[in-house]
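Okay, here's what each chain looks like letter by letter:
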Amino acid sequence: MSQTLNRSLAPLVVSVAPGSPAEAVGVLQGDEIVRVNGEVPRDIIEWQMATDEADVELDVLRGGLDLSMTVEKTEGASLGIEVSSAVFDRVRTCDNHCEFCFIYQLPKGMRRSLYLKDDDYRLSFLYGNFTTLTRFTEADLERVVTERLSPLHVSIHATNPDVRSQMLKNPRGAMSLRWLRALLDHDIAVKGQVVVCPGVNDGAILDDTLAGVLDQFPELESVAVVPLGISKFNGEDAMRFHTLAEAQAVVDTVNDWQDIFQATLGRRMVYAADEYYLMAQRPFPEAERYDGFAMHEDGIGMARTFEAEFNGTAAEVTGVQRGFFAAVDAPASPPNPAAYTGLRSPCSADVDPVSVDPVSDTRSTAITLRPRRTAPVGVLTGTLGAPVITPLIESLSRDDVRVIPVSNDFFGGNTGVTGLITGDDVSRVLRDQPEGHRYLLPDVCLSDEGRFLDGITIDELPRPVEVVATDGVALRAALEGTP
Ligand code: SF4
């Protein structure tokens, strides 16, 4: 458990925006906000609702002293306080033991928050984390419905109760989808996910699951079909890579069910992850078959949106959409121990610290002389990103730009997604690359604190890199040297 999760139940102030209402009444960094308007907020959702009011009473604990402060502001305006976590009571942890769980496949020694198995509907709402609902309760349902915590993200995996409970290794997995039914009955929007494990829930089981979705949960917004991730630390013999034929079968199944859903519900509903098309050696579906890219954040349609952004045919960047908080803070999973901001972000202090201009990245200029803008360019990406980006780069007919795939030796297995690239992997690759070239690194590799998953910062890399937003517009701009 992280320090964030063990500390007191009160929100801890990590920063106060200059000129904000909170600063005006004397709130300081390090204060603990014990009560807001007489109530103890359990999480950032309750915090936001309470602090949205025009007059906000704060009971503050500072160095053992109890203080009271009254903030008068416009209703809906931000207090200007950044607090230390999204959940002030304990994050509800997961009591499943899925064999495919990637957390069990992490090496020892990573930061502790990465080992947190959460199954908390609040993090599902806030960050788009998937919940299995095995710990969901009647009280949770009441809160979700009352506060309209929508959309939520639910792991389905299988609609057959026996298969689902076996996959979750939890008897409650058999019946917990009754909560999904209840959520849909109350018009809560839900996005579903099926993690496919070959030999476990593919083939006839996947067909049965999608039939179950159509029959029992037709109101679901969408269902993402994604392959399991396997690292070299996997200790479960039953968990393995898909064969080519198995990946192709999943793509075919999803295609067939898209037609059925389209004919029955008037929408495709189910989508296969981009990884499946790469594994199956099939072309990605045309952009219009993604129906607005609602599942972009789950790796559905990323290749097509990147292509459209790069080619200038997308109206706007399709960025991370996941969860209510995704626009202002923290990656989706696991919960980030860094500071959390309010639902609105009018204060300058709320600017996402990872958003780095692709051209004027001050972090790299601070450490070393930067290569000339006209220097040859290496575009760093994961092994799954390389086949997507390479044809785009080739379409430019520039011999000064090359794609540099970074294989993931840290995690091994089938971890080819760019977001899991570690600093160690990038260092290994860059050491063999010439000095004086520009190296573009997608920001998805870095945490809010500017660290790779293994804790390395870009300052520790053997070549200076330019951090570029992970979208086609930013990559194109970085290649063309335009801000
Ligand atoms: S529900 Fe998620 S966090 Fe829990 S064991 Fe399964 S994969 Fe891991």
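Computed from a prediction, not measured in an experiment: that's the story for all the values here.

Draft legend 1. Region of interest: the site of the ligand. Taken together, the residues surrounding the ligand are Cys94, Asn96, Cys98, Cys101, Lys117 and Thr132. Here the residues of the shell around the ligand are counted per class, giving three nonpolar, two polar and one charged.

Draft legend 2. Representation of the sheet that holds strand β9 (residues 270-272) in the model. A sheet is described by the order of its strands in space; here four strands give the open sequence β6-β7-β8-β9, paired in parallel fashion. Each edge of the open sheet is held by one strand with a lone partner, namely β6 (152-155) and β9. The mean inter-strand angle of the sheet, taken between neighbouring strand axes irrespective of direction, is 25 degrees. Direction of pairing for strand β8 (residues 222-227) relative to β9: parallel, over a ladder of three bridges. Within β9, the residue paired with Val223 across the bridge is Val270. Together, β7 (190-196), β8 and β9 form the strand contacts of helix α9 (residues 244-265), whose direction differs from that of β9 by roughly 160 degrees.

Draft legend 3. Quick peek at the environment of Val154. Mapping Val154 onto the fold places it in strand β6. For the pair Val154 and Leu180, spaced 26 residues apart in the sequence, the C-alpha separation amounts to 7.7 Å. Those residues within four positions of Val154 in sequence are excluded, and the remaining contacts are Phe130, Thr131, Leu133, Leu177, Leu180, Val190, Lys191, Gly192 and Gln193.

Draft legend 4. Representation of unusual backbone geometry. Looking along the chain, the bond that leaves Ser150 and enters Pro151 is cis, with omega of 10 degrees. As for its placement among the helices and strands, Pro151 is situated in the loop between α5 (138-147) and β6. A positive phi angle, close to 55 degrees, is found at Gln281, a residue other than glycine. For Gln281, the location among the structural elements is in the loop between α10 (274-279) and α11 (302-311). Positive phi, close to 55 degrees, is recorded for Ser397, a residue that is not glycine. Following the sequence through the fold, Ser397 ends up in the loop between α13 (386-394) and β11 (401-406). Residue classification places Ser397 among the exposed positions, given a relative accessible area of 67%.

Draft legend 5. Focus on a negative patch on the surface. Taken together, Glu53, Asp55, Glu57, Glu72 and Glu75 make up a surface patch of like negative charges. Along the chain, the position of Glu72 falls in strand β4 (residues 65-72). Overall, Glu72 belongs to the exposed group, its relative accessible area being 65%.

Draft legend 6. Structural detail: the layout of surface pockets. Each pocket or cavity is described by its volume, and for the second largest pocket that value is around 180 Å³. Taken together, Tyr277, Leu278, Arg282, Pro283, Phe284, Ala303, Arg304, Glu307, Pro387, Val388, Pro391 and Leu392 form the lining of the second largest pocket. For the lining of the second largest pocket, the elements supplying multiple residues, two or more each, are α10, α11 and α13. In terms of residues, the lining of the second largest pocket owes the most to one element, α13, which gives four residues. The residue inventory of the lining of the second largest pocket, partitioned by class, reads nine nonpolar, no polar and three charged.

Draft legend 7. Spotlight on the sheet that holds β4. On the basis of which strands lie adjacent, the open sheet formed by three strands has the order β2-β3-β4 and antiparallel pairing. Both edges of this open sheet fall to β2 (32-36) and β4, since each of them pairs with a single strand only. Direction aside, neighbouring strands of the sheet carry axes that sit 30 degrees apart on average. Examined bridge by bridge, β2 and strand β3 (residues 55-62) share four bridges and lie antiparallel to one another. For Glu32, the partnering residue across the bridge sits in β3 and is Leu61. Against the sheet, helix α3 (residues 44-51) engages β2 and β3, with an angle of about 65 degrees to β2.

Draft legend 8. Region of interest: the packing of aromatic side chains. A full pass over the atoms with the stated rule returns eight aromatic pairs. Relative to Trp179, the ring of Phe136 has its centre 5.5 Å away and its plane inclined at 65 degrees; by these criteria the two rings are edge-to-face. Here Phe136 is found in the loop between α4 (121-127) and α5, whereas its partner Trp179 is found in helix α7 (residues 177-185), with 43 residues between them in sequence. We note that Phe136, like Trp179, is buried. Ring centres of Tyr290 and Phe293 lie 5.2 Å apart, and the angle between their planes is 20 degrees; on these two criteria the pair is classed as stacked. A relative accessible area of 13% places Phe293 in the buried class. Three or more aromatic residues joined by ring pairs form one cluster here, namely Phe102, Phe410 and Phe411. Cation over ring: Arg476 sits above Phe310, and NZ or CZ is 5.0 Å from the ring centre.

Rules used throughout
- Residues numbered from 1 in each chain as written.
- Predicted model: local features only at pLDDT ≥ 70, side-chain atom pairs only at ≥ 80, totals over all residues.
- Heavy atoms only, no water.
- Near = heavy atom within 4 Å.
- Nonpolar A, V, L, I, M, F, W, Y, C, P; charged D, E, K, R; others polar.
- Pairing = 2+ DSSP bridges.
- Helix = DSSP H or I, 4+ residues; strand = E, 2+ residues; numbered from the N terminus.
- Axes fitted to C-alpha atoms, helices over the stretch in contact; angles between N-to-C directions.
- Contact = heavy atoms within 4.5 Å.
- Buried < 20%, exposed > 50% of the residue type's maximum accessible area, 1.4 Å probe, protein only.
- Patch = residues over 30% accessible without salt bridge, like charges linked within 9 Å, V, L, I, M, F, W, Y side chains within 5 Å.
- Areas by Shrake-Rupley, 256 points an atom, 1.4 Å probe, with all protein chains shown as cover.
- Salt bridge = Lys/Arg side-chain N within 4 Å of Asp/Glu carboxyl O.
- Lys, Arg positive; Asp, Glu negative; His and termini not counted.
- Charge placed at Lys NZ, Arg CZ, Asp CG, Glu CD.
- 1 Å grid on protein atoms, 1.4 Å probe; cavity = no way out; pocket = protein on both sides within 12 Å on 5 of 7 lines; lining within 4 Å.
- Points joined across faces, edges and corners; volume = space filled by probe spheres on them.
- Phe/Tyr/Trp six-rings, centres within 6.5 Å; stacked < 30°, edge-to-face > 60°.
- Lys NZ or Arg CZ within 6 Å of the ring centre and 35° of its normal.

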